[in-house]
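# Fold and geometry: a report
So the chains spell out like this:
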Amino acid sequence: MATGLSAQAGVERSRFGCSGGFCDGADVSYTATGIALGIRYGSTTSGGPFGRLGAVDHTLYAEANQGTYEEISDGGLGFEMGGGYAIAVPPNVYLTPGVAYTRCSVESADGVSSPVVVMVRRIGVRYAF
């Protein structure tokens with residue numbers, strides 16, 4: 001089993017509730033979609049534990065309790081770190097359950113810039129080539 005650093009790129013989507021900041025007592029849920037680029041440390045040839053660190057660019061969408069859905073920010077740059085365990089599903093495909101901490105700054109339509117911090121459990125699929 002070879003272990004080392006590798007480059008990683010991906011598309012992400014996270015859905016989460018809200019406390020503080022944007023909420024102001026409203027029943028709102030958020031969806032962040034975007035891209036991530038970074039490095040990964042772990043096995044390069046089989047399954048096993050891994051860690052990752054990188055940059056993210058997310059767009060934030062809000063869904064209010066009435067079911068309205070609107071984009072509330074343009075891309076927000078930030079960083080992400082996380083880890084998990086890769087489960088090999090040959091050939092070259094891995095299921096990657098894990099956790100991630102993401103922090104990015106988003107600017108709302110009224111020009112206010114705010115940090116968005118999310119800690120998520122995630123499941124991913126990685127293709128190695």
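To start, this report covers the structure provided alongside it. (Residues numbered from 1 in each chain as written. Predicted model: local features only at pLDDT ≥ 70, side-chain atom pairs only at ≥ 80, totals over all residues. Heavy atoms only, no water.)

## Remarks on the overall build of the protein
Under the convention used in this document: Numbering goes from the N terminus for both helices and strands, where a helix is a DSSP run of H or I of at least four residues and a strand is a run of E of at least two. The contact criterion used is simple: two residues touch if any of their non-hydrogen atoms lie within 4.5 Å. Reported accessibility uses the Shrake-Rupley method at a 1.4 Å probe radius. Residues are deemed covered only where the shown protein chains occlude them.
Along the protein, the regular secondary structure elements total 0 helices and 9 strands. Ordering the α and β elements of the protein from the N terminus gives β-β-β-β-β-β-β-β-β. For the protein, the proportion of contacts with a sequence separation of at least 24, taken over those separated by at least 6, is 54%. When the accessible surface of the protein is summed, it comes to about 7,800 Å², and 59% of that surface belongs to carbon and sulfur atoms.

## Quick look at the layout of surface pockets
For the record, the criterion: Any residue with an atom within 4 Å of a point lines the site, the site being either a cavity, points on a 1 Å grid over the protein atoms alone where a 1.4 Å probe fits but cannot get out, or a pocket, an open set with protein on both sides within 12 Å along at least 5 of 7 lines. Grid points are joined across faces, edges and corners, and a volume is the space filled by probe spheres set on the points. Residue type decides the class: Asp, Glu, Lys and Arg count as charged, Ala, Val, Leu, Ile, Met, Phe, Trp, Tyr, Cys and Pro as nonpolar, and the leftover types, Gly among them, as polar.
Each pocket or cavity is described by its volume, and for the largest pocket that value is around 720 Å³. For the largest pocket, the lining is made up of 32 residues, of which Gln8, Ala9, Arg52, Val125 and Arg126 are closest to its centre. Those elements that provide at least two residues to the lining of the largest pocket are β1 (3–16), β2 (28–43), β3 (48–64), β5 (76–89), β7 (98–107), β8 (113–122) and β9 (125–127). No other element matches β1, which puts 10 residues into the lining of the largest pocket. Looking at the lining of the largest pocket, its residues break down into 13 nonpolar, 11 polar and 8 charged.

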